[in-house]
Amino acid sequence: GKYPIEYLTIAEINEKISPLNISEDDLHDEVCEMLESGQYLQALKIFNYLIYNARDSFSVCLARFNRAFTLEKLLLYDEAIETYKRALYEFNQLENEEKSLRIDLDCMWQLGRIYSVIEKKSLAYPMWEKLFEEEEDIDAKCDALIRMMWICQDEEDLKQLRHLLATYDKLHTDKLKNEVKDLKKFLKDSLKRKKSTSIS
């Protein structure tokens, strides 16, 4: 009662700053400093403004991604999810020469992470699966793969877990080897327990 929870209104979430006599690049530098210092609501107003006033389609997409990131920082997960999805859609509509940064990968990473946090693993899994296919960096591929394995472990999907472990072995890397070792032990123990249960 002493510290009542204050909720943001839709109007506050969608509020934009007034037009400024400042370049888009300078405005972007300024908003990055706000994010670092935790001024999320003020940063959100700037990203709301940039979505409608950015210089090109890629910049709009980038502003929308940053808006989603800021909404996530404000713990507005539903709004963040929808905004990441919109940014992902918009990125996919761009011409190849406009895709100077792989914002789509960033969107999928964030979506996979939020879905995992809110226990929507059936939605998180396809994100990690797509990322494993799309990522070129071996560390990023392993990060996506291990998250799929953890979901299989939680769901006790032993067949798929075995497949993912075999996929990991084909990568010939030591990345996350301790986590993979634990998962292999889990699989072995689970199969042994399942076999003894079926015999008895």
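In what follows, the structure referred to is the one given above.
No experiment lies behind these values; they were computed from the predicted model shown.

Definitions and cut-offs
Residues numbered from 1 in each chain as written. Predicted model: local features only at pLDDT ≥ 70, side-chain atom pairs only at ≥ 80, totals over all residues. Heavy atoms only, no water. Helix = DSSP H or I, 4+ residues; strand = E, 2+ residues; numbered from the N terminus. Buried < 20%, exposed > 50% of the residue type's maximum accessible area, 1.4 Å probe, protein only. Contact = heavy atoms within 4.5 Å. Polar contact = N/O pair within 3.5 Å; in protein donor to acceptor, adjacent residues only side chain to side chain. Patch = residues over 30% accessible without salt bridge, like charges linked within 9 Å, V, L, I, M, F, W, Y side chains within 5 Å. Areas by Shrake-Rupley, 256 points an atom, 1.4 Å probe, with all protein chains shown as cover. Salt bridge = Lys/Arg side-chain N within 4 Å of Asp/Glu carboxyl O. Lys, Arg positive; Asp, Glu negative; His and termini not counted. Charge placed at Lys NZ, Arg CZ, Asp CG, Glu CD. Axes fitted to C-alpha atoms, helices over the stretch in contact; angles between N-to-C directions. Parallel < 35°, antiparallel > 145°, perpendicular 65-115°, else oblique. Left-handed = near helix turned anticlockwise from the far one by under 90°. Nonpolar A, V, L, I, M, F, W, Y, C, P; charged D, E, K, R; others polar.

Looking at this structure, how should I read the overall build of the chain?
From N to C terminus, the chain includes 10 helices and zero strands. Seen through its C-alpha atoms, the chain measures out along the principal axes to roughly 75 × 55 × 25 Å. For the chain, buried positions account for 40% of its 200 residues. If you take every contact in the chain between residues at least 6 apart in sequence, the share linking residues at least 24 apart comes to 55%.

How should the side chain of Glu 72 be read in this particular structure?
Structurally, the position occupied by Glu 72 is in helix H4 (residues 57–73). Look at Glu 72 and you get buried, because its relative accessible area is 8%. Here Tyr 84 takes part through its side chain, which lies 2.9 Å from a polar atom of the side chain of Glu 72.

Help me understand a negative patch on the surface, please; the structure alone is not making it clear to me.
Among the surface-exposed residues, Asp 26, Asp 29, Glu 30, Glu 33 and Glu 36 lie close enough to one another that they form a single negatively charged patch. Residue placement: Glu 36 occurs in helix H2 (residues 24–36).

I tried to follow the side chain of Ser 59 on my own but got confused; where do I start?
With respect to the helices, strands and loops of the structure, Ser 59 is situated in helix H4. Not counting chain neighbours up to four residues away, the residues in contact with Ser 59 comprise Glu 24 and Ala 54.

What should I look at first to understand the packing of H2 against helix H3 (residues 40–53) in this one?
The angle between the axes and the distance between the axes are what describe a pair of packed helices. Orientation of H2 relative to H3, taken along the N-to-C sense of each, is 155 degrees, at an axis distance of 9 Å. Comparing the axis directions of H2 and H3 gives the class roughly antiparallel. Relative to H3, the crossing made by H2 is left-handed. Mapping the contact onto sequence places Glu 24, Leu 27, Val 31, Met 34 and Leu 35 in H2 and Tyr 40, Gln 42, Ala 43, Ile 46, Phe 47, Tyr 49, Leu 50 and Asn 53 in H3. Its residues placed into classes, the contact of H2 with H3 shows 10 nonpolar, two polar and one charged.

Read these as geometric descriptors, not functional statements.
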